[in-house]
Every structure is written in structure tokens, then in C-alpha cells.
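Observations on chain architecture
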Amino acid sequence: MEFLGDSSETDKKTMKKKRFHRHTPHQIQRLESHNTRELITVHSRKRTIGFVARTLPSKKLSNTPFAPPVVTLLLMKTLTSMNRSFESKMHTLEKRVSSIAAKFMGRPLSHLPPLLNQMPFHGGPSLDFDLIPGSCSSMAAPTLPSQPNLVLSDIDKSVMTNIAVTAMEELIRLTQTNEPLWIKNDGARDVLNLGSYENMFPRASSRGGKNHNVRVEASRSSGVVFINAMTLVDMLMDSVKSAELFPSVVASSKTLAVVSSGLRGNHGEALHLMLEELQMLSPLVPTREFSVLRYCQQIEHGTWAIVNVSYELPQFISSSRPYRLPSGCLIQDMSNGYCKVTWVEHIEISEQEPIHEMFKDRVREGLAFGAERWIATLQRMCERFTALHEPATSSVIPSPEGKRSVMKLAQRMVNNFCLSVGTSNNTRSSTVVSGMNEFGIRVTSYKSQHEPNGMVLCAATSFWLPVSPLIVFNFLKDERTRPQWDVLLNGSSVQEVAHIANGSHPGNCISILRGFNASSSQNNMLILQESCVDSSGSLVVYTPLDLPALNMAMSGQDTSYIPILPSGFAVSPDGSRNDQIPELKVEGRGSGGGGSLITVGFQIMVSSLQSGKLNMESMETVNNLISSTVHHIKTTLNCPSTA
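What you are looking at is a predicted structure, and each value in this text was computed from that prediction instead of being measured. (Residues numbered from 1 in each chain as written. Predicted model: local features only at pLDDT ≥ 70, side-chain atom pairs only at ≥ 80, totals over all residues. Heavy atoms only, no water.)

1. Digging into the pairing of strand β5 (residues 271-278)
Cut-off, in case you're wondering: The rule is simple: take the accessible area with a 1.4 Å probe, protein chains only, and divide by the maximum for that residue type; under 20% is buried, over 50% is exposed, in between is partly exposed. Secondary structure follows DSSP: runs of H or I at least 4 residues long count as helices, runs of E at least 2 residues long count as strands, and numbering of each begins at the N terminus. Pairing between strands is defined by DSSP: at least two bridges between the two strands are required.
The buried count for β5 comes to seven of eight residues, which makes it a mostly enclosed element. Alignment of strand β4 (residues 250-260) against β5, held across eight bridges, turns out to be antiparallel. The partner of S253 across the bridge, within β5, is E276.

Structure below.
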């Protein structure tokens, strides 16, 4: 097919002339289905006038005893006046909708097309969520994980649809156009040429005019992913599935309203209003909250596009909130179980507080929230899903059901850890304590209703080491070196008793570890651990388990009620180099791999009572636990003097 931006010289002139007036038949259909009731009334009355004028011509009226010539003239004059009045009202309404939409997108939008009929609006039913690809039939009607409860007016839907359609046009051009719109930086990453972008997509100063404190982050990345296009579309259009797909990136995601449920059988032309909070796994980096429109369109057979664009509701508008310009992905099915995904992230942000020095390079280079991180995480997670369907190879976990159950428990463990070390409080029950102490440790606590029930204390801190991220990752995940940093082992040795590979990299695996008491050979501790690594960073997450709970998982039983308190590490490149993937290329220390940013997090049960309160003893315990762990890591890796 020929995408926007690839045309002849004649087509380019036409494009320039009609930049904001290109809509496909599908887009027109969706626009027609979401115009205002006022427009429907206007057109309905206009058709009525036309019908009267056609069925009662002046000649017949003049020959009718009930309609003398004077009455005929008056009637025709009235009909003409009504027609002009309704046309004027319709034009005013269309102008109003387009004007409101332009304020959100920052540039002119095409006028709404004539409305011939109104299509009924249907919301999606609720769904018990199952992330496993293939669990939902591709022919089933699209559904949502929870029933949205935000009521939208018809004019809201019209504005949202117009914004989404225009954003989709921009996204397609961003994914398909190369230089000069996109240029390669020193690390061979695609970054947006802002001058070329402004020329191609001129924008009005509708967000408060020029703000010199606003910084733009815009990046593009692509990769081949082991998942079919339709399954991926289904996951990305579901707020719960998309959050589960990117646990280290998405802190929370919620569908507020379904503007359009799309075509039956797939998500084509579906439009959702969503709240999304993005994170970096560190207590030093604030999360980014967005209210976005997510719009899906099938471009051609086997090719889909999903666009996200900010849409600020009155209750969420804030000058400090980041603004998501048209971002998203183009998904092209490769008909062999794989698909090619091109991802674009384009954000305007104004930091109210200075970025912590430790993370400044990584954030400002666009690596912390950029397109490369989305693609790398997507590739790794899709490999993990594939591993779910492969036969069990461990003698300890011989059944497919047992393997799947252990993997689901490990996934819940990783998700829980990601929430515990970030700065989001929206996904937890009441936070009792929050803030950084004098040692740079952020301590929070929450009342858990499950896993386990009671008061849980979370503590996390981040630090830098002049060591390659791959060196740090290998050190932390290896059970043979674990006694060198795990202060709870008291020097005891650890043995791996079960291993589940869940990716092409040998570091992507789930392990069951057994600890031994230093003075006896009896089993003293069982640990479930998942380690994962990709070009954006790595995770090592673990939780202690008792033998009955582990036996439940290995036998294939439901693990959702097994209490867990995950702890662990998140490791990422420090951003000192533009090349984002040194940890997968460089094995040796000091050979160009750059330094590492490490976040360590612990969770402990403070009280089994919901009314339990924190005390100085529990605070001191968790502070000492983190401080000792960091000291052991620095000492073992020969960098005790680093901050």
C-alpha cells in the first residue's frame, strides 16, 4: 500500500493543499456515528423542508382551493427562511466542534462531514482478565476489563473522534517518513527533527503559547516481535492487558469511557478514553500521568495502527502535566507468528522540580520513557508468553499446568515489585508514610487486603555504580554469588532446584532456590526468583515462599491467593552514552559499557493487623536492611567509595 507521505510531485501539491482534509471511508463512518444530536436535528429538519418543497410545488398549491397564491408565496418564503436558519445553525455547530478539537490538537482540523444517520453507541461488557495470548478468540467482540462509568455528551464524542482521526493521520506519517523528519543521533537512535516536524505539522499556540520551560522528548524504534498482529492489538486496546504487558513501564491504566467499541470481530475504529501512568523503576523519578484517547484503525489487511493522544478532561487539566502528542505504534503482521512493530513516543513535558542528577542524562536523552524501552519490553514479554506454551523440562515441575502456575505466580511477583519501588501511589490502598529520609531511602506503607493481609512497609533507594549493567545483572541473579549481598542468608549457600527458561537470553528465567543453614544440611528457606534482561535494562525479583505454597504452584493449582512480599533490583544503563544497548554487547568492565543505575527495594510485613501502625523499630529495620545490602554490593564489585 502507499502510506501518507509517499507520493508523486502532483500528489505532494495536493497533500499540501488539503493537509487536514484527508479521511478514509472508515474514518468518515466513525465521524458520522459521533456527531451531535443538534446536527442530527438540523439535518432531519432540513430533509423535512426539502420533502415539503418537493411534494408541494407552487403550481399545485396555486391550483388548490385551500392554498391561494398569496398563501403559496408565504409558505415558500417561510420554507426558504427555515432552510437558511438551519443551515446557519448547522454551520455554527460544526465550527464549534472543530474549534474545540483544534484546541486539543494545537492545529486546524477538518470540518465534520455531513451527517446522514446516527449509529447506535455500544459499550463493551466486562471481562475476567486472562493475559495469555490466544485465550480470547480473535473473532469475539472486543471487551473491556471493567465497565467504564464516565458519561460523555455527543459533542464530547464528536470532538474526541475528530482529534483521534487527525492524530492517526499524523502517527502514520511519523512511522513511515524518514529524513529529514527523523534523524540519527550519535547512538544511531531515531530522534525527531523538531524544525521539520513543525513545518510538516504546523501547530497553533493553543496550550498557553510558547513556554521555554517545556522540553520535547520524541523517539522512534522498531523491532520484530514474536506475536501475531491481532493478538497484540487485542492486548494494547485493553487497559488491564496493556498494563500487564508493560509492568516496568505502566504503573496504572484505566479505561474511563468507550467512545466507540469498534467493528464487531476486531478493534478496528475503536476509540477509548483512558488514564495512564508511566513510570521508571526508581523512587527518584516522578511518574508521568496522561489522560489519552487511544484509537485503533486497520490500515490494510494485516496492518494496524494504534495512536495515543492527550485529551485533558476539565478535572484533570494541569499546566504541569506532560502532554502526549500523537504517539503509538504501527503493527504489520508477517504471517509466520511474528509481526513488525514501529513505535513512536512524542511528549511535551515541563518539570516543576529539577531532575535528580543521577537520572538526568537518561531522562533527557529520552531513554527513560522513549520508544526503545517500549519495543525492548514488548519483545521480551512476548518471548515470555511463548514460553508458557512450551513443554515443561524441569524434573521438579514436570507438568505443563505446574509450569504455567509457577510462571503466573512469578508474573504477579514482578508486577507487585514494580509498583513497590516506583513513585505511584494511585495503585495502592492508603499510603501511611511517604518521603525520602536522610539516607535517600523512600519509605511507604500500605494496608494490604491480600498478599498478605495487614500492614506492609516498602522501602527503596537508587544508587550508581561505575560497572556495566550486564556485570551487575549477572552478579545479582547468580545463586552462587547471592550470599555475598543477601544479608538475610547470613552467609548460607543457595542451590537452584528448578529452572524455567522464558526467553532467548539465558538471563531470562524463573528459578526456585533453596537456602541451607550454615550449621546443618536441612532445607531452611525457599525462594522464587525471576530475572529478565533486555536492551533497556534488567530485573531480579524474588520472594520467600513456604513449601506448601510452592507445592500448590508446582502442582498447577490457583496461585492467586498465595501471599507474597517481593523484593529485588532494577538495573538500567546510566545514559552516559547514547547507545542504549551496551549491556547486551559488552561483557567486560570498563570497556565502554557505561555505568549502572540500580534501584533496590524491600517489602516487609509490619503487622498482621489492618489497624497496625508503623514504629521507629520497623523503620530502622528496613533502613538497615537496604543500607547493608547496598554496602555489600559496592564492596563485592570493588567500588565502595561511590555515592
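2. What to know about the nonpolar core
The test is simple: What makes a nonpolar core is a set of buried Ala, Val, Leu, Ile, Met, Phe, Trp, Tyr and Cys residues whose side-chain atoms join them at distances within 4.5 Å. It only takes one pair of heavy atoms within 4.5 Å for two residues to be counted as in contact.
Grouped together as the largest cluster of nonpolar side chains are 75 residues, with contacts concentrated most on I331 and V341. The residues contacting V341, other than those within four sequence positions of it, are S221, S222, G223, V225, L232, C329, L330, I331, I375 and L378. Within the second largest apolar cluster, 35 residues are counted, among which are L152, L181, L271 and V307.

3. Digging into unusual backbone geometry
Residues other than glycine predominantly adopt negative phi, and peptide bonds predominantly adopt the trans conformation. The residue after E179, namely P180, is reached through a cis peptide bond having omega 5°. Along the chain, the position of P180 falls in the loop between α6 (154-176) and β1 (182-184). Even without being glycine, N638 reaches a positive phi, approximately 60°. The topology assignment puts N638 in the segment after α15 (616-636).

4. Description of the environment of K403
With respect to the helices and strands, K403 occurs in helix α12 (residues 400-421). Classification of K403 as buried rests on a relative accessible area of 5%. Separated by 10 residues in the primary sequence, K403 and T393 have C-alpha atoms spaced 9.1 Å apart.

5. Focus: the side chain of Q603
To keep it simple, the criterion reads: N or O atoms closer than or at 3.5 Å make up a polar contact, with two conditions inside protein: a donor-capable atom paired with an acceptor-capable one, and, for residues adjacent in sequence, both atoms drawn from side chains.
Topologically, Q603 is positioned in strand β18 (residues 596-607). A distance of 2.7 Å separates a polar atom in the side chain of Q603 from a polar atom in the side chain of N416.

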